[in-house]
2 protein chains.
Amino acid sequence: MDAKKLFTDTLVGQIRALDQFGTWVNKSNEDLLKEKYVKTKEELKNIPIIADIDEMQTQDIRLIYQAIALAFEKITGVMCSVVMEMSHEGFGRVVVFAEDIVLCEKGFKDAHRFSFRTLEKLEEEGEKLLIKAQEKYKKYKN
Amino acid sequence: MDAKKLFTDTLVGQIRALDQFGTWVNKSNEDLLKEKYVKTKEELKNIPIIADIDEMQTQDIRLIYQAIALAFEKITGVMCSVVMEMSHEGFGRVVVFAEDIVLCEKGFKDAHRFSFRTLEKLEEEGEKLLIKAQEKYKKYKN
């Protein structure tokens, strides 16, 4: 399975696993991802630069990195961890690591504005992070 | 400077840097560390097993790992990062990393009970973590 599809499937799986009340049952995967992660330039304009971030949005961002971790586990069989901190103001940082190796890490400012312009951009970002994670792990562990 | 002293000095420096209102000016370093991190068995008995953790306590735990990070930087000149997440219930995780290498990581349960029985135990723990951090870094980076 290619990295892009694996990432996207894992992310959708993570989101749907949290759908306790079946709210998203009738939504396609594509619509689900778009609703959560895609904001057009126009939509972004309507979000203030400085604002609080809610827990739901923090969780949505976390899911992306959890999907990277899980997808990495599926490929390599090596267990990963995700640690993320996020302030009320949307400042934060996330790190994904396996054993002693940092696979991926990212800092956030304005995390309440975190989004991708198109669904393709989200998928490409996931693919890139997942491939990079494997390269990093191999670099130190082989 | 030996690792134990470096860790302790760095930790005290971190704590005092946060003392905006001069509350701790007249406290010795030893008393300060004891007040924050040392609880006897008797004292621990009076803390409920299940309870909320406040931000101050979360911050105090974080300072230990920040002190590891800073002390590591002082020794090696390599920049470190600390990412920590902590739930209201005192479940959490912290990771200290430099470049792609995880120097130290720890999970928490009952973090509101986090403490050492004696000041020496705290200092030994810091020393151990700091030495281990250098070993880990060297293992992958040399």
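Small disclaimer: the values here were computed from a predicted structure and weren't measured. (Residues numbered from 1 in each chain as written. Chains lettered and ligands numbered in written order. Predicted model: local features only at pLDDT ≥ 70, side-chain atom pairs only at ≥ 80, totals over all residues. Heavy atoms only, no water.)

Enquirer: Describe the environment of Glu89(A), with residues and values.
Expert: Residues and elements named next belong to chain A. Tracing the sequence through the fold places Glu 89 in the loop between strand 1 (81-86) and strand 2 (92-98). Taking the C-alpha atoms as reference points, Glu 89 and Gly 22, 67 residues apart in sequence, are found 30 Å from one another. Side chain to side chain, Glu 89 and Ser 87 meet in a polar contact 3.0 Å long. (Helix = DSSP H or I, 4+ residues; strand = E, 2+ residues; numbered from the N terminus. Polar contact = N/O pair within 3.5 Å; in protein donor to acceptor, adjacent residues only side chain to side chain.)

Enquirer: Please give an account of the pairing of strand 2 (residues 92-98) of chain B that cites residues and values.
Expert: Residues and elements named next belong to chain B. Burial analysis of strand 2 places six of its seven residues in the buried class, which makes it a mostly covered element. Bridging between strand 1 (residues 80-86) and strand 2 involves seven bridges; their strand directions are antiparallel. Pairing of Met 84 across the sheet is with Val 94, part of strand 2. Counting the residues between successive antiparallel strands, the hairpin from strand 1 to strand 2 contains five residues, one of them, Gly 90, with a positive phi of roughly 85 degrees. Across seven bridges, strand 2 lies against strand 3 (residues 101-108) in antiparallel orientation. In the strand pairing of strand 3, Arg 93 is matched with Gly 107. Where strand 2 folds back on strand 3, the antiparallel hairpin that results is connected by two residues, among which Glu 99 adopts a positive phi of roughly 50 degrees. (Buried < 20%, exposed > 50% of the residue type's maximum accessible area, 1.4 Å probe, protein only. Pairing = 2+ DSSP bridges.)

Enquirer: Describe in detail the interface of chain B and chain A, supporting the description with residues and values.
Expert: Interface size is commonly expressed as the accessible area that is lost once the parts come together. Taken together, the contact pairs 18 residues of chain B with 18 residues of chain A. Buried surface at the junction of chain B and chain A, summed over both partners, amounts to about 1,600 Å²; 53% is from carbon and sulfur atoms. When the buried surface of chain B facing chain A is broken down by residue, Glu85(B), Asp100(B) and Tyr140(B) rank first, second and third, together holding 38% of it. Connecting chain B to chain A are four salt bridges. Its salt-bridge partner being Asp100(A), residue Lys136(B) comes within 3.0 Å of it at the nearest N-O pair. (Contact = heavy atoms within 4.5 Å. Buried area = accessible area lost by both parts, 1.4 Å probe. Salt bridge = Lys/Arg side-chain N within 4 Å of Asp/Glu carboxyl O.)

Enquirer: Break down the relation of the copies chain B and chain A for me, with residues and values.
Expert: Here chain B sits on chain A after a turn of 180 degrees about the axis and a move of 0.0 Å along it, with an RMSD of 0.0 Å. Within this description, the copies of the chain are treated as partners about a two-fold rotation axis. (Least-squares fit on C-alpha atoms with pLDDT ≥ 70 in both.)

Enquirer: Requested: an account of unusual backbone geometry, with residues and values cited.
Expert: Residues and elements named next belong to chain A. Here the phi dihedral of Glu 99 falls at roughly 55 degrees; this positive angle occurs in a residue that is not glycine. Residue position: Glu 99 is located in the loop between strand 2 and strand 3 (101-108). Judged by relative accessible area, Glu 99 falls into the partly exposed class, the value being 43%.

Enquirer: Lay out the packing of helix 1 (residues 3-17) of chain B against helix 4 (residues 55-76) of chain B in plain terms, naming residues and giving numbers.
Expert: Residues and elements named next belong to chain B. The geometry of helix 1 relative to helix 4 is characterised by a closest axis approach of 8 Å and an angle of 120 degrees between their N-to-C directions. The angle between helix 1 and helix 4 places the two elements in the oblique class. Handedness of the helix 1/helix 4 crossing: right-handed. Contact residues: helix 1 offers Leu 6, Phe 7, Thr 10, Leu 11, Gln 14 and Ile 15, while helix 4 offers Leu 63, Ile 64, Gln 66, Ala 67, Ile 68, Leu 70, Ala 71, Lys 74 and Ile 75. Residues of the contact of helix 1 with helix 4, tallied by class, amount to eleven nonpolar, three polar and one charged. (Axes fitted to C-alpha atoms, helices over the stretch in contact; angles between N-to-C directions. Parallel < 35°, antiparallel > 145°, perpendicular 65-115°, else oblique. Left-handed = near helix turned anticlockwise from the far one by under 90°. Nonpolar A, V, L, I, M, F, W, Y, C, P; charged D, E, K, R; others polar.)

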